[in-house]
Amino acid sequence: MSAASAETSADKVDVILMKAGRTKIRYPAEVVADDGTVVTVRAPWAAAGVRDFGFVRFEPGDVFTEHYWRDRWYAVKEVRTSTGVLKGWYCDVTRPAIRDGATLTVEDLDLDLWCSADGKTILRLDEDEFTESGLAARDPDAASEALSALDTLEHLARAGAPLSPSL
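Summary of the structure given here. The model shown is predicted, which means the values in this text are computed figures rather than measured ones.

1. Some remarks on the pairing of strand β11 (residues 122-125)
Where strand β10 (residues 103-116) meets β11, four bridges bridge the pair, whose relative direction is antiparallel. Looking across to β11, one finds that Leu113 is bridged to Arg124. Where β10 hands over to β11, the hairpin turn is made up of five residues, of which Gly119 adopts a positive phi near 75°.

2. Here's the deal with the side chain of Asp92
Along the chain, Asp92 falls in strand β8 (residues 86-94). Judged by its relative accessible area of 5%, Asp92 is buried. Looking at Asp92, its side chain comes within polar contact range of the side chain of Lys77, at 2.7 Å. When near neighbours in sequence (up to four residues on either side) are disregarded, Asp92 contacts Trp73, Tyr74, Ala75, Lys77, Leu111 and Asp112.

3. What about the nonpolar core?
Counting 23 residues, the largest nonpolar core has Val76, Cys91, Val93, Leu113, Leu153 and Leu163 as the members making the most contacts within it. It is helix α4 (residues 140-158) that contributes the most residues to this core, seven residues altogether. If we skip the residues at most four places from it in the chain, Leu113 touches Trp89, Tyr90, Cys91, Ile122, Leu123, Arg124, Leu125, Leu150, Leu153, Glu154 and Ala157.

4. Thoughts on unusual backbone geometry
Leaving glycine out, the prevailing phi sign among residues is negative, and the prevailing peptide bond configuration is trans. Here the phi dihedral of Ala20 falls at roughly 55°; this positive angle occurs in a residue that is not glycine. Along the polypeptide, Ala20 turns up in the loop between β1 (12-19) and β2 (22-34). Phi is positive for Asp126, which is not a glycine, with a value near 65°. Looking at the secondary structure, you find Asp126 in the loop between β11 and α2 (127-133).

5. Notes on α4
The first and last C-alpha atoms of α4 sit 27 Å apart over 19 residues, in line with the 27 Å expected at 1.5 Å per residue. Of the positions making up α4, those classed as buried are Ala142, Ala143, Ala146, Ala149, Leu150, Leu153, Glu154 and Ala157. The buried residues of α4 occupy an angular sector of 130° when the element is viewed end-on, so they sit on one face. Set apart from the buried face of α4 by more than 90 degrees, the exposed residues are Pro140, Asp141, His155 and Arg158. Backbone geometry just downstream of α4 places Gly160 in the positive-phi region, at approximately 75°.

Criteria and cut-off values
Residues numbered from 1 in each chain as written. Predicted model: local features only at pLDDT ≥ 70, side-chain atom pairs only at ≥ 80, totals over all residues. Heavy atoms only, no water. Pairing = 2+ DSSP bridges. Helix = DSSP H or I, 4+ residues; strand = E, 2+ residues; numbered from the N terminus. Buried < 20%, exposed > 50% of the residue type's maximum accessible area, 1.4 Å probe, protein only. Polar contact = N/O pair within 3.5 Å; in protein donor to acceptor, adjacent residues only side chain to side chain. Contact = heavy atoms within 4.5 Å. Core = buried A, V, L, I, M, F, W, Y, C linked by side-chain atoms within 4.5 Å. Expected span 1.5 Å × (residues − 1). Arc of directions from axis to C-beta.

Structure, rendered in structure tokens:
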């Protein structure tokens with residue numbers, strides 16, 4: 001049994017979301033599962049106040065069950081209200097996650113996808129930010145992986161396939 005699979009649900013980590021070499025946000029989360037490939041954590045909405053995107057509102061009390069892959073270029077965050085009602089899935093295109101003890105670090109590559117709970121609203125987000133980031137010129141391989149990840153997520157969502165692994 002690997003150290004990762006021996007971890008219990010009582011484990012805590014700090015999730016660190018990096019962007020352009022800086023910490024975008026850092027928040028504590030409970031490790032729900034870690035099979036050595038996928039790390040699943042649960043945390044309350046970590047930002048201050050409400051964030052209204054127009055297509056969804058994230059607010060205090062919302063609970064995020066977040067799935068981070070060590071071998072995929074994205075993370076999937078299942079979003080529920082404080083009463084457990086599913087809002088949908090917010091998917092971040094990132095470099096593969098790195099867990100080092102009590103930290104879980106991912107690098108945000110700007111691209112995102114939203115899929116509503118009913119699957120009727122599927123939105124590609126922040127493609128302008130991705131273009132402006134200059135990643136394609138700095139790291140063409142990473143840019144290619146990022147675009148492929150966004151296409152994969154959109155394909156899964158439109159096909160009605162599960163975006164997050166079963167626990």
